[in-house]
Amino acid sequence: DVFYRQLPKVELHAHLNGSVSFETMETLIKRKPHLNIEHSMTAIRRGQRRSLDECFQVFKVIHQLVDSEEDILMVAKAVIQEFAADGVKYLELRSTPREVTETGLTKQRYIETVLEAIRQCKQEEVDIDVRFLVAVDRRHGPVVAMETVKLAEDFLLSSDGVVVGLDLSGDPTVGHGKNLLSALEKAKNCGLKLALHLSEVPSQRDESELLLNLPPDRIGHGTFLHPEVGGSDSLVDKVCKQNIPIEMCLTSNVKGQTVPSYDKHHFQYWYKRGHACVLCTDDKGVFCTDLSQEYQLAASTFGLTQEAVWMLSQQAIGYTFAPEPIKQRLEKKWAELKQQIL
Ligand code: 5GP
């Protein structure tokens, strides 16, 4: 539907390697024929579902395909251009810096390359403001987490405002947040904004209690926070009192089977309470979606009017990690476009 494409949008939860499109994937697969990778191993198509564990296997396959500076530059530029083409005006991209001995890739160069892609898109006047969150993969434990925070801190100071925060992601069934607490505290103290995946699976309740005390600046998914699904009133209280926006990824949660169906998505619970919610794609490549489609799905599933959809996209400006002048610029853009579109 043309309204959802034209709607100016803010994307706040997008993992770089999960966002690689079908077309870019084709190029990567052709570049590395010896890996024998097929499309079905890198994307979950319409009507298909996987377990969360199988989803994390998909990322391992993609990481084999994206393992050099050249690859990262290509995928990052393509992903940014695709979000812009979908009407995303402000994007916070996140990615886990990786080191690959065979190609000489270092974590430092990894981040520099993503920043180079952002710079090139800006120079080419792609109509989108892009910021970057350095991601910590919880699977790698506290030592790597602390190293990643230090790296992120360096870039916070040297990237001209492009690096704005830290993400905590990776397989939620592995490790415990208590071991990562000191790294996250350090990140917060040095001025990095925190976007943490919380309560993606039911077993994370204690961890969420703990991490909500930081508090994070935004929550990723938060699927099992509320009591109806085994969370608790205390968790909901913490989220509400501190007014922490929640990044909601409908298709990702349904395809990854942490949510049984679109109409049972926890968006409903939080949206009804008037809590800060932002619709996001998570991994548009892996889950074969885009942000326009996510807005359309939310609207059709929960019966939102176009006015309500507009409000949802506009309110997301307030949940970005952008500095105040950028938020004001975005507000102005939304105001200008409103007359044309709504
Ligand atoms: P990358 O950080 O390599 O750019 O993007 C892929 C990585 O993002 C995965 O290896 C994983 O750590 C993280 N990721 C992507 N989607 C999800 C998700 O739905 N949940 C969690 N917890 N992590 C994810």
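Here, the structure is the one placed above.
Just so we're clear, the structure is a prediction, and the values are computed from it rather than from any experiment.

Draft legend 1. Fine view of the overall build of the protein. When helices and strands are counted, the protein shows 14 helices and eight strands. Principal axes of the C-alpha set define a box for the protein whose edges measure 50 × 45 × 40 Å. Considering the protein as a whole, with its 342 residues, one finds that 59% of them fall into the buried category. Considering only contacts in the protein between residues 6 or more positions apart, those separated by 24 or more positions represent 77%. As displayed, the protein has an accessible area near 14300 Å², and 49% of this comes from carbon and sulfur atoms. If you average the places of the 40 positive and of the 48 negative side-chain charges in the protein, the two averages end up 2 Å apart.

Draft legend 2. Up close: the packing of aromatic side chains. This structure, assessed with the given rule, holds five aromatic pairs. On the numbers, 4.9 Å between centres and 20° between planes, the contact of Phe 267 with Tyr 271 is stacked. Linking Phe 267 with Tyr 271, this pair stays in helix α11 (residues 267-272), spanning four residues, or about one helical turn. A residue is classified by how much of its surface remains accessible, and Phe 267, at 0% relative accessible area, is buried. With a centroid separation of 5.2 Å and an interplanar angle of 75°, the aromatic rings of Tyr 269 and Trp 270 are classed as edge-to-face. Through pairs of rings, three or more aromatic residues link up here, namely Phe 267, Tyr 271 and Phe 302. Above the ring of Phe 321, the side-chain terminus of Arg 218 is found at 3.8 Å from the ring centroid. When the ring centre of Phe 83 is taken as reference, the NZ or CZ atom of Lys 284 above it lies at 5.5 Å.

Draft legend 3. Examining unusual backbone geometry more closely. At the junction of Leu 214 and Pro 215, the peptide bond is cis and its omega measures out at -20° in the coordinates. Secondary-structure assignment places Pro 215 in the loop between α8 (205-211) and β6 (218-221). Phi at Asn 36 takes a positive value of approximately 55°, unusual for a residue other than glycine. In this fold, Asn 36 is placed in the loop between α2 (22-31) and α3 (52-65). For Ser 199, which is not glycine, the phi dihedral falls at a positive 45°. Looking at the secondary structure, you find Ser 199 in the loop between β5 (193-198) and α8.

Calculation rules
- Residues numbered from 1 in each chain as written.
- Predicted model: local features only at pLDDT ≥ 70, side-chain atom pairs only at ≥ 80, totals over all residues.
- Heavy atoms only, no water.
- Helix = DSSP H or I, 4+ residues; strand = E, 2+ residues; numbered from the N terminus.
- Buried < 20%, exposed > 50% of the residue type's maximum accessible area, 1.4 Å probe, protein only.
- Contact = heavy atoms within 4.5 Å.
- Areas by Shrake-Rupley, 256 points an atom, 1.4 Å probe, with all protein chains shown as cover.
- Lys, Arg positive; Asp, Glu negative; His and termini not counted.
- Charge placed at Lys NZ, Arg CZ, Asp CG, Glu CD.
- Phe/Tyr/Trp six-rings, centres within 6.5 Å; stacked < 30°, edge-to-face > 60°.
- Lys NZ or Arg CZ within 6 Å of the ring centre and 35° of its normal.

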